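In case you want the letters, here they are:
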Amino acid sequence: MKRAIVVFVLIFCLAFGGCYSYKGLDKMIIVMGIALDYDEQSQKYLATLEIVDIPNSSEKEGIKNKMLECEGVSIPDAFFNATKKIRSILYFGSCEVLIICPGIAQKGLKTIIDTFVRTQELRETAFIMVSQEEKAGDLFKKAKGMTSAIISMDIQQIMEQGSMLSGTIKKVKMYQVYNDLLSQKKCPSIPALHLTGNDQEKVVEANGTAVFRIDKLKHYLTPEETIFLLLAINEYGGGSLMLDKDGDPANDFCILVRKAISDTSLKIEEDKPSFGIDIKLRAVLDESELFNEKLKYEELKQLEEDYARMIEEKVKNLLDKVQKEYNCDIVGFGEKVYRENPKFWEKIKDKWFEIYADVKVDVKASVKITNINIMR
Amino acid sequence: MKEEKKQQKIDKKVDEFNRKLDQLKVSPSIEENLEIIDDLFKDNQIIKYRRIVNENDSSMEFVIVFCEALVDHILINDSLIKPLILTHIKVGKGDDCVKTVMERILHAGEIEKADNFRKIVDAVCYGDSVIFISGCQEALYVDTKKFSSRTTEEPPAEMVLSGPREGFNENIMNNMAQLQKRIRSNDFKCRIMTIGERTKTICMVCYINSLVNKNVLDRLFKRLESIQMDGILDPNYLIEMIKDNSFTPFRVLGITERPDSVVGKLLEGRIALLIDGSPVAVTMPYLFMENFQSPEDYYVNYYYASISRLLRLTGFILTLFAPALYISIVAFHHELLPVPLLIHFAIERSSVPFPAAVEAFLMIGIYELIRETGIRVPSNIGQALSIVGALVIGQAAVDAKLIAAPMVIVVAITALTGLLVPKLSGAILVFRPLMMLLASFLGLYGFLLGASFILAHLLTLRSMGVIHVSAITKLKFQEVKDLYIRAPWWKMRTRPMELTQNKVRMKVKRNGK
């Protein structure tokens, strides 16, 4: 009995004790973000690591960042080469940001995602993004942090919070891309970043979504298009929606979305799949043409109707574009078919992209304005 | 061999002396008795005697022998000497004389007969006065004890904000009185034992007959009877002799200086052991959760008491595990820290030459030294000490880059919470460094290993045969109502299960329902 207890305790501790390799906090370099470039000429990966500049940081002056550049024929090789420059080891445990350059994205995501998933320390929950700048390293080197001295922390916050606030950012974690690539039933779409001016300095800004076909970059969606993509795939976290009624900006409406739910449904008729997207919105009125005038109930109903039509139209347009023009299944219709009818999926999976281009999608939206945000 | 032979010789001598004492009988001649007394108490000059001759019958001679330091002189004068001098009653010779003196002459409460010198020596040494009567083959000893003792004060280690402020003192009869006046029942029993071959210390085992668990009581008596020591001065002598697990640093028998606390425990079926000369009472069986209980819990609002008790439990866990957890996170498992905190820790740690483990041992060691010094030092130097301690531990060590600032916080938490459960300080002192050692070599793995072994050790403990950590296995409200929390009094309808033979405390629910 006693021996059994001891064995149990040892197993328990081994299972829940985590890894026990000693690394002194003072003997490691904390990597906060990775920007990955590929040089076609030398055929080498160039990684720019944003690290915490511990020797120059202090209580009074705050935290500072530093760039560590390294290159190698493969990504692990690049990281090993970095250790030639530094006396400590690289620590990826708190790295939450991974930016890849457009070159790599066009070449294909598979190799790098595979490498990073295999890296022990780097978390699978790290955010992955595509740089719209030619060199992803420029995002770190040329930009300045807005709210934090470390740009990666800013980017992480933009992804975490921005997706909830503005509704124009599709946050994507590494494991999601990995899953998409592995299943081959859905095309990944990843947020895009670019540099923009702000008070004579350059800062990083989220700018729409990069759309992939299987694992190759095809196209960038604008921030506005991203809103309707998010609405369609039930990832919209909230934000404002404009309604242009008659072309005159003075008469625009704006609503603040409190909750958005969408549901995809599948119908198979005569071996032809067709999809329905049902979007439901609950919102409050944020800006109205009728300044200081009471909004009548009928007018409010009309407004809700207008919004619903607008959303339907925009989502339809967007889907048309990704279906026919880029042929990227970013909504995951293929996955939907597989989940609801695996046998049917087996039949069509080889020619799925051809079917997908012409698949019929029926978009339905309903908007409920619960509050006009004015005390009477 | 030589040593053994020597010891055997000494043992023989002691035995002979004791046998002689038993065989020495009181003689009818006063002079002979005095000679023996003189011989026995040679060189002990506080043993005095007083010769008395009755004024009506000069053939009636008495001698009173007493120990000057221990007796009440007024009592001897008024109740022994005066009646013996003034009495008209004829004492006579032979067997009746002792009876006559005892029953008709002396004005004293407690009188007993003695025919050999063993009893007489014991009596004189404990403040009784021995009366030799001429022509009698027996002597009398009368209780004339009077010792000075401390007044009843609130024990400094168990202060309460509200509740009784009486505490025990060094006089066992006074302590007994404190209990008896709180339990006015013939069901309250008190058995007297004498332990210690030389000190002959009086011990009292108190319990409430209809509540006590008889198995526990038998076990206690068996263990007490087996003790062979030449002296006991404090209950801890006995605790270490009778406790179930000899080597555990945990306290498995309770100690308290508060009579109200003892009575509370007696009413739950526990047993109390009082020892003459010490204000500390031992209570048993002792459950692990009693470490976190305070007598005040029962005198204040039950919400307040319950939260305080949970705080004490948290305090124990923190003080035992905080440094070890810090070491394992900082040295092994950085992923557990939020990123901004990790960066700040890294910045702090970068200027410190030692690894976190060395730092922790250094700081905890310094803290323990300062704490121990604080206890030993006279109280008026204490202030200077605390200033030095605060400066050394806090400011200077960080400024000198000897330790990182987060370590100061960890040590402060450890030290503060350590004071929350003084009853467990022994266990904490042993297990904290052990945990730190395991954590500094194996990280969280070692941490969990150590924690599991502490838990396993706790589970093996018994207090007088009763499981020490019974709280873990309980699920019903009536069984945990007074362990982690303190339920309102109207909810505490039963007594703790293992401790008593009579579980029901309240037969009727509140408001007669």
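Conventions adopted
- Residues numbered from 1 in each chain as written.
- Chains lettered and ligands numbered in written order.
- Predicted model: local features only at pLDDT ≥ 70, side-chain atom pairs only at ≥ 80, totals over all residues.
- Heavy atoms only, no water.
- Pairing = 2+ DSSP bridges.
- Helix = DSSP H or I, 4+ residues; strand = E, 2+ residues; numbered from the N terminus.
- Axes fitted to C-alpha atoms, helices over the stretch in contact; angles between N-to-C directions.
- Contact = heavy atoms within 4.5 Å.
- Buried < 20%, exposed > 50% of the residue type's maximum accessible area, 1.4 Å probe, protein only.
- Domains from an automatic or database assignment.
- Buried area = accessible area lost by both parts, 1.4 Å probe.
- Salt bridge = Lys/Arg side-chain N within 4 Å of Asp/Glu carboxyl O.
- Polar contact = N/O pair within 3.5 Å; in protein donor to acceptor, adjacent residues only side chain to side chain.
- Phe/Tyr/Trp six-rings, centres within 6.5 Å; stacked < 30°, edge-to-face > 60°.
- Lys NZ or Arg CZ within 6 Å of the ring centre and 35° of its normal.

Visitor: Describe the sheet that holds strand E12 (residues 272-287) of chain A, naming the residues involved and giving the relevant values.
Guide: Residues and elements named next belong to chain A. Within the open sheet, the 4 strands sit side by side as E10-E11-E12-E13. Their pairing is mixed. Two strands lie at the open edges of the sheet, namely strand E10 (239-243) and strand E13 (360-371), each paired on one side alone. Mean inter-strand twist for the sheet, computed between neighbouring axes without regard to direction, equals 40°. Bridging between E10 and strand E11 (residues 253-269) involves 5 bridges; their strand directions are antiparallel. When the sheet's bridge partners are listed, Met242 is paired in E11 with Cys254. Sheet strands in contact with helix H10 (residues 333-340) are E11, E12 and E13, and its direction is about 50° off that of E11.

Visitor: Explain the environment of Lys301 of chain A to me, using residue names and the numbers behind them.
Guide: All names here are of chain A. The residue Lys301 is located in helix H9 (residues 297-325) in this model. For Lys301, a relative accessible area of 33% corresponds to the partly exposed category. Separated by 67 residues in the primary sequence, Lys301 and Lys368 place their C-alpha atoms 8.5 Å from one another.

Visitor: Please give an account of unusual backbone geometry that cites residues and values.
Guide: Residues and elements named next belong to chain B. With an omega of -10°, the peptide bond running from Met284 to Pro285 counts as cis. Of note, the phi angle at Asp43 is positive, near 70°, even though the residue is not glycine. By the element assignment, Asp43 lies in the loop between helix H2 (30-40) and strand E1 (47-53). Look at Asp43 and you get exposed, because its relative accessible area is 73%.

Visitor: Break down the domain arrangement of chain A for me, with residues and values.
Guide: All names here are of chain A. The domain architecture assigned to chain A consists of domain 1 (25-221) and domain 2 (223-376). Taken over C-alpha atoms, the centre of domain 1 sits 31 Å from the centre of domain 2. Note on domain 1 versus domain 2: buried area summed over both sides is about 2100 Å², and carbon and sulfur give 63% of it. Where domain 1 touches domain 2, the interface holds 0 salt bridges. Taken together, domain 1 and domain 2 are joined by 6 residue pairs in polar contact (both at pLDDT 80 or more). Breaking the side of domain 1 that touches domain 2 down by element, the ones donating at least two residues are helix H6 (151-165), strand E8 (201-213) and strand E9 (216-221). Per-element accounting of the side of domain 1 that touches domain 2 gives the leading share, 6 residues, to E8.

Visitor: Can you explain the pairing of E8 of chain A? Please cite residues and give values.
Guide: All names here are of chain A. In the sheet, strand E7 (residues 189-198) pairs with E8 via 9 bridges, with the strands oriented antiparallel. Paired with Thr196 across the two strands is Val203, which belongs to E8. Here 5 bridges tie E8 to E9, and the two strands are oriented antiparallel to one another. In the sheet register, Arg213 faces E9, and the bridge partner there is Lys216. Between the end of E8 and the start of E9, which pair antiparallel, lie 2 residues, with Ile214 showing a positive phi angle near 55°.

Visitor: Run through the packing of aromatic side chains, naming residues and quoting values.
Guide: Inspection of every chain in the model, using the stated rule, returns 18 aromatic pairs over all chains. Relative to Phe147 of chain B, the ring of Tyr126 of chain B lies with its centre 5.9 Å away and its plane at 45°, an arrangement referred to as tilted. One end of the pair, Tyr126 of chain B, is in the loop between helix H5 (117-125) and strand E4 (128-133); the other, Phe147 of chain B, is in the loop between strand E5 (139-143) and helix H6 (172-180), and 21 residues separate them in sequence. Judged by relative accessible area, which is 28%, Tyr126 of chain B ranks as partly exposed. Relative accessible area serves as the criterion here: at 34%, Phe147 of chain B is assigned to the partly exposed category. A cation sits over an aromatic face here: Lys107 of chain A above Tyr38 of chain A, 3.8 Å from the ring centre.

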